[in-house]
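Residue-level listing of the chains:
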Amino acid sequence: GMQSHLQALLSLYKVFCPEQVTITLPGKMKTYFKSSEGPWKAAITAVRQRNQGPSPLAQAVFLGTSQPQSRKRKWNAQLVIPASSTNTNNLDEDREKSRIYLYSASESFPVEQLQTFPQLLQNIHRIEFPSQMGSVLTNPLLLHYMNCVKDESIYLRLYYWMGQMLQEECPWCVVDNPYEEEFKSFLESVYKAECFLQEGFSACEEFLYKTLPLWDGFCCRSEILRLVSWIPLSSSSDIKSCLYNPLAQLFFTSSVYFKCSVLESLKELLQNWLNCNVIQLDSEFSS
């Protein structure tokens, strides 16, 4: 049978080569040995702390939902295209080779050298995405490439990476998470990428449906409501249970400003649905 360390290894393979791993794996990757009830326990703890004050034993029983000690990594580092894996001493030599074999289909074009749109057009069949898929979100040229190529493996890699980031860094799913501002910046980058592509990410949709029942309506409010406006059209029952019901609970107990913000987000959601529907009808009519 499947063992936990093998599942963790396969989940890592699935991030980089999802087409090679055909079996179904659990959604969580880095939180493999932690309690699946972590978000609910974190939400209950937050309510208890607001009503009764902090308990000295509160975080000890949450089995890994508390903030990990000394997490030393720079936020948004994965949103920048990493340097080439080749030796930096040979970078000039590689650039000369790229000029010589400009139109050679057998040579891949390094994405860290992709600077202009003409470069994208000339090398569109030789571009290989970086190992850190997060760098795609802040690179307009690579987003153009995603729109043109429509490679399923690219969307799968982005789906698994983004789902992991959203789950592990969400402030209201991790007790005492001090990285709210960094998470806001990350959500803003995701929203801008969705606006550029004119479609929402499936990882964001799943994240919103799972975490909206736990959301307090205050943390990252504007960023969350912006992401709501790009949820794809689905059945009315799913939309009602996963989107409208959690928002309604906050809507009727919040300020007028929050009510207006929700209505504005839903108006934009309707506009995006209509625009997508018009585009599909135009394409079907032209075909």
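The preceding data block contains the structure.
What counts, and at which threshold
Position labels on residues start from 1 in each chain and follow its written sequence. Predicted model: local features are reported for residues with pLDDT of at least 70 only, side-chain atom pairs are reported and counted for 80 or more only, and whole-chain, interface and lining totals are derived from all residues. For the side-chain quantities, the full set of heavy atoms in the structure was used; hydrogens and water were omitted. Starting at the N terminus, helices and strands are each numbered in turn, a helix being any DSSP run of H or I of at least four residues and a strand any DSSP run of E of at least two. A 1.4 Å probe rolled over the protein chains alone gives each residue an accessible area, and that area as a share of the maximum for its type sets the label: buried under 20%, exposed over 50%, partly exposed in between. For this analysis, residues touch if any pair of their heavy atoms sits within 4.5 Å. The method behind every accessible area is Shrake-Rupley, applied with a 1.4 Å probe, and residues are considered shielded solely by the protein chains displayed. For every element, the axis is a line fit to its C-alpha atoms; helices are fit only across the contacting stretch, and the angle between N-to-C directions ranges from 0 to 180 degrees. Throughout this description, any angle smaller than 35 degrees is read as roughly parallel, any larger than 145 degrees as roughly antiparallel, any in the 65 to 115 degree range as roughly perpendicular, and the remainder as oblique. For any pair of crossing helices, the crossing counts as left-handed if the nearer helix is rotated counterclockwise from the farther one by less than a right angle, and right-handed if it is rotated clockwise. Gly falls in the polar group here, along with every residue not listed as nonpolar (Ala, Val, Leu, Ile, Met, Phe, Trp, Tyr, Cys, Pro) or charged (Asp, Glu, Lys, Arg). Definition of a polar contact: a pair of N or O atoms within 3.5 Å, with one able to donate and the other able to accept a hydrogen when the atoms are protein atoms, and with sequence-neighbouring residues admitted only if both atoms are side-chain atoms. We call a set of buried residues a nonpolar core when its members are Ala, Val, Leu, Ile, Met, Phe, Trp, Tyr or Cys and they connect through side-chain atoms within 4.5 Å of each other. Domain extents, as shown, originate in an automatic or database domain assignment. Aromatic rings from Phe, Tyr and Trp, taking only the six-membered ring of Trp, are treated as a pair when their centres fall within 6.5 Å; an angle between ring planes under 30 degrees marks them as stacked, one over 60 as edge-to-face, and anything in between as tilted. In this analysis the charged atom, NZ for Lys or CZ for Arg, is taken to sit over a ring once it is within 6 Å of the ring centre and within 35 degrees of the ring normal. Note on patches: the residues involved have over 30% relative accessible area and no salt bridge, like charges join within 9 Å, and the nonpolar side chains Val, Leu, Ile, Met, Phe, Trp and Tyr join within 5 Å. One speaks of a salt bridge when a side-chain nitrogen belonging to Lys or Arg is within 4 Å of a carboxyl oxygen belonging to Asp or Glu. By this rule the span expected of a helix is its residue count minus one, scaled by 1.5 Å. Disulfides are defined as cysteine sulfur pairs within 2.5 Å.

**Student:** Run through the overall build of the chain, naming residues and quoting values.
**Tutor:** A count of helices and strands for the chain gives eleven helices and zero strands. Ordered by position from the N terminus, the helices and strands of the chain form the series α-α-α-α-α-α-α-α-α-α-α. Sorting the 287 residues of the chain into buried and exposed places 37% on the buried side. Long-range contacts, defined here as pairs at least 24 residues apart, represent 65% of the contacts in the chain between residues at least 6 apart. Just so you have it, the chain exposes about 17,200 Å², and 56% of that area is on carbon and sulfur atoms.

**Student:** Before we move on, could you go through the packing of helix 5 (residues 140-149) against helix 7 (residues 180-197) and cite the residues and values that matter?
**Tutor:** Contact geometry for helix 5 and helix 7: axes closest at 10 Å, N-to-C directions at 45 degrees. Classified by the interaxial angle, the pair formed by helix 5 and helix 7 is oblique. Considering the relative orientation of helix 5 and helix 7, their crossing is right-handed. Facing Pro140, Leu143, His144, Met146 and Asn147 of helix 5, the residues of helix 7 in contact are Ala193, Phe196 and Leu197. Taken together, the residues of the contact of helix 5 with helix 7 break down into six nonpolar, two polar and no charged.

**Student:** Tell me about the environment of Ser241, residues and numbers included.
**Tutor:** Inspection of the secondary structure puts Ser241 in helix 10 (residues 236-251). Its relative accessible area of 41% is what places Ser241 among the partly exposed residues. When the C-alpha atoms of Ser241 and Tyr209 are compared, they prove to be 9.0 Å apart, with 32 residues separating the residues in sequence. Of note is the side chain of Ser241, whose polar atom sits 3.3 Å from the backbone oxygen of Asp238.

**Student:** Would you mind going over the nonpolar core in detail, with residue names and values included?
**Tutor:** Within the largest apolar cluster, 56 residues are counted, with the highest numbers of intra-cluster contacts made by Met162, Trp172 and Trp215. It is helix 7 that contributes the most residues to this core, seven residues altogether. Counting only domains with at least three residues in this core, you end up with domain 1 (6-16 + 108-168) and domain 2 (182-286). Those residues in contact with Met162 that sit more than four places away from it in its chain are Leu137, Val190, Phe201, Ala203 and Cys204.

**Student:** Talk me through the packing of aromatic side chains; I want residue IDs and the actual numbers.
**Tutor:** Tallied over the entire structure, the rule returns ten aromatic pairs. For the ring pair Tyr159 and Tyr160, a centre distance of 5.1 Å and an interplane angle of 70 degrees mean the geometry is edge-to-face. The partly exposed category is assigned to Tyr159, whose relative accessible area is 24%. Note that Lys259 overlies the ring of Phe251, its terminal NZ or CZ placed 5.5 Å from the centroid.

**Student:** Quick rundown of the environment of Cys170? Include the residues and the values.
**Tutor:** Here Cys170 is to be found in the loop between helix 6 (152-169) and helix 7. The spacing of Cys170 and Phe207 is 37 residues in sequence and 9.4 Å in space, taken between C-alpha atoms.

**Student:** Hey, could you go over the packing of helix 6 against helix 8 (residues 202-211) for me, with residue numbers and the actual values?
**Tutor:** Between helix 6 and helix 8, the least distance of the axes is 8 Å, while the angle of their chain directions is 30 degrees. With respect to helix 8, the element helix 6 is oriented roughly parallel. Crossing handedness for the pair helix 6 and helix 8: right-handed. Residue-level inspection shows Tyr159, Met162, Gly163 and Leu166 of helix 6 in contact with helix 8, the latter providing Ser202, Ala203, Cys204, Glu206 and Phe207. Here the contact of helix 6 with helix 8 is composed, by residue class, of six nonpolar, two polar and one charged.

**Student:** Outline a nonpolar patch on the surface, listing residues and values.
**Tutor:** Together, Leu9, Leu12, Tyr13 and Phe16 give the surface a local cluster of nonpolar side chains, amounting to about 410 Å² of exposed area. Within the secondary structure, Phe16 sits in helix 1 (residues 4-16). Under the relative-accessibility criterion, Phe16 is labelled partly exposed at 40%.

**Student:** Any details on the pattern of salt bridges? Residues and values, ideally.
**Tutor:** All chains considered together, the criterion is met by four salt bridges. For Arg226, the salt bridge is made with Glu188, and the minimal N-O distance between the two is 2.6 Å. In this pair, Arg226 sits in helix 9 (residues 221-228) while Glu188 sits in helix 7, placing the two residues 38 residues apart along the sequence. Since its relative accessible area comes to 31%, Arg226 is described here as partly exposed. What emerges from the salt-bridge pattern is a single network uniting Glu180, Glu181 and Lys184.

**Student:** Lay out helix 7 in plain terms, naming residues and giving numbers.
**Tutor:** In this model, helix 7 (18 residues) spans 26 Å end to end at C-alpha, consistent with the 26 Å of a helix rising 1.5 Å per residue. Elements in contact with the buried residues of helix 7: helix 5, helix 6, helix 8 and helix 9. Of the residues trailing helix 7, Gln198 is marked for its positive phi of about 60 degrees.

**Student:** Could you give me a rundown of the state of the cysteines, with the residues and numbers involved?
**Tutor:** The tally for this structure, following the rule as stated, stands at zero disulfides. Cys220 takes part in no disulfide bond, and the closest cysteine sulfur to it belongs to Cys219, at a distance of 3.7 Å.

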